[in-house]
Amino acid sequence: QVQLVESGGGLVQAGGSLRLSCAASGRTFSSYTMGWFRQAPGKEREFVAALTWSGGNTDYADSVKGRFTISRDNAKNTVYLQMNSLKPEDTAVYYCAAGRITYGFRYLPRLYDDWGQGTQVTVSS
């Protein structure tokens with residue numbers, strides 16, 4: 001059974017940093033894309049970042065480029081999202097997702113097969 005478990009969310013002041021973790025289990029993820037998405041109240045789920053587990057090729061939403069970094073630790077089967085220079089508009093529930101997705105379409109949440117339960121990130125002004 002596939003499990004994606006996020007952690008690391010919390011309350012932080014604007015300009016601060018957080019690191020989210022996504023512990024993955026239940027299958028071999030070497031051929032998978034791992035993505036981070038977020039959803040604010042009343043808004044649709046939106047793409048944040050993604051990487052291919054095997055090659056590490058990364059994509060970022062324009063709104064987070066230069067501030068967020070996605071990475072992985074193969075030994076721990078864990079994907080991270082380092083978030084720096086946080087802004088109040090980054091406030092959302094952040095979700096980790098996994099799927100076999102062609103490069104170029106990784107921003108589409110409907111293409112991901114597995115999702116974590118989400119972790120809340122709140123940035124105060």
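Just so it is clear, the structure is predicted and the values come from calculations on it, not from any experiment. Per chain, residue numbering runs from 1 following the sequence as it is written. Local features in this predicted model are restricted to residues whose pLDDT is 70 or higher, and side-chain atom pairs enter the listing and the counts only when it is 80 or higher, whereas totals over whole chains, interfaces and linings include all residues. Hydrogens and water are ignored here; the side-chain numbers use all heavy atoms of the structure.

Asker: Looking at this structure, how should I read the overall build of the chain?
Answerer: For the chain, the count of helices and strands is zero helices and eleven strands. In DSSP terms, a helix is any run of H or I states spanning at least four residues, a strand is any run of E spanning at least two, and both are numbered starting from the N terminus. From first element to last, N terminus to C terminus, the chain shows the α and β order β-β-β-β-β-β-β-β-β-β-β. Rg of the C-alpha trace for the chain: 13 Å, near the compact-globule value of 14 Å for 125 residues, within the 12% margin. When its C-alpha atoms are laid out on the principal axes, the chain stretches across 40 × 25 × 25 Å. Considering only intrachain contacts with a sequence separation of at least 6, the fraction spanning at least 24 residues in the chain is 58%. The Shrake-Rupley method, run with a 1.4 Å probe sphere, supplies the accessible areas, and residue values consider only the shown protein chains as cover. Carbon together with sulfur atoms contributes 45% to the accessible area of the chain, which is approximately 6,400 Å² in total. Where the 13 positive side-chain charges of the chain centre and where its 10 negative ones centre are 3 Å apart. The globule rule used here is 2.2 Å times the number of residues to the 0.38 power, and the radius of gyration it is set against is calculated over C-alpha atoms. We call two residues in contact whenever any of their non-hydrogen atoms come within 4.5 Å of each other. Charged residues are defined narrowly, with Lys and Arg counted positive, Asp and Glu counted negative, and His plus the chain ends left uncounted. To locate a charge, take atom NZ for lysine, CZ for arginine, CG for aspartate or CD for glutamate.

Asker: I tried to follow the pairing of strand β8 (residues 78-83) on my own but got confused; where do I start?
Answerer: A 1.4 Å probe rolled over the protein chains alone gives each residue an accessible area, and that area as a share of the maximum for its type sets the label: buried under 20%, exposed over 50%, partly exposed in between. Summarising burial for β8: five of the six residues are buried, a large majority. DSSP-based pairing: two strands are paired if at least 2 bridges between them are found. In terms of strand pairing, strand β3 (residues 18-25) meets β8 through six bridges, oriented antiparallel. Bridging across to β8, S21 finds its partner in Y80. Direction of pairing for strand β7 (residues 68-73) relative to β8: antiparallel, over a ladder of six bridges.

Asker: Please explain the environment of A98 as it appears in this structure.
Answerer: Among the structural elements, A98 can be located in strand β9 (residues 92-99). A relative accessible area of 0% places A98 in the buried class. Separated by 29 residues in the primary sequence, A98 and T69 have C-alpha atoms spaced 17 Å apart. When sequence neighbours within four positions are dropped, the list of residues in contact with A98 reads L4, F29, Y32, T33, M34, Y112, D113 and D114.

Asker: Honestly, the environment of Q117 in this entry has me stumped. Any pointers?
Answerer: Of note, Q117 is situated in the loop between β10 (114-115) and β11 (119-124). On the basis of relative accessibility, which here comes to 49%, the residue Q117 falls in the partly exposed class. Here the alpha-carbon distance between Q117 and V5, two residues 112 residues apart in the chain, equals 6.8 Å.

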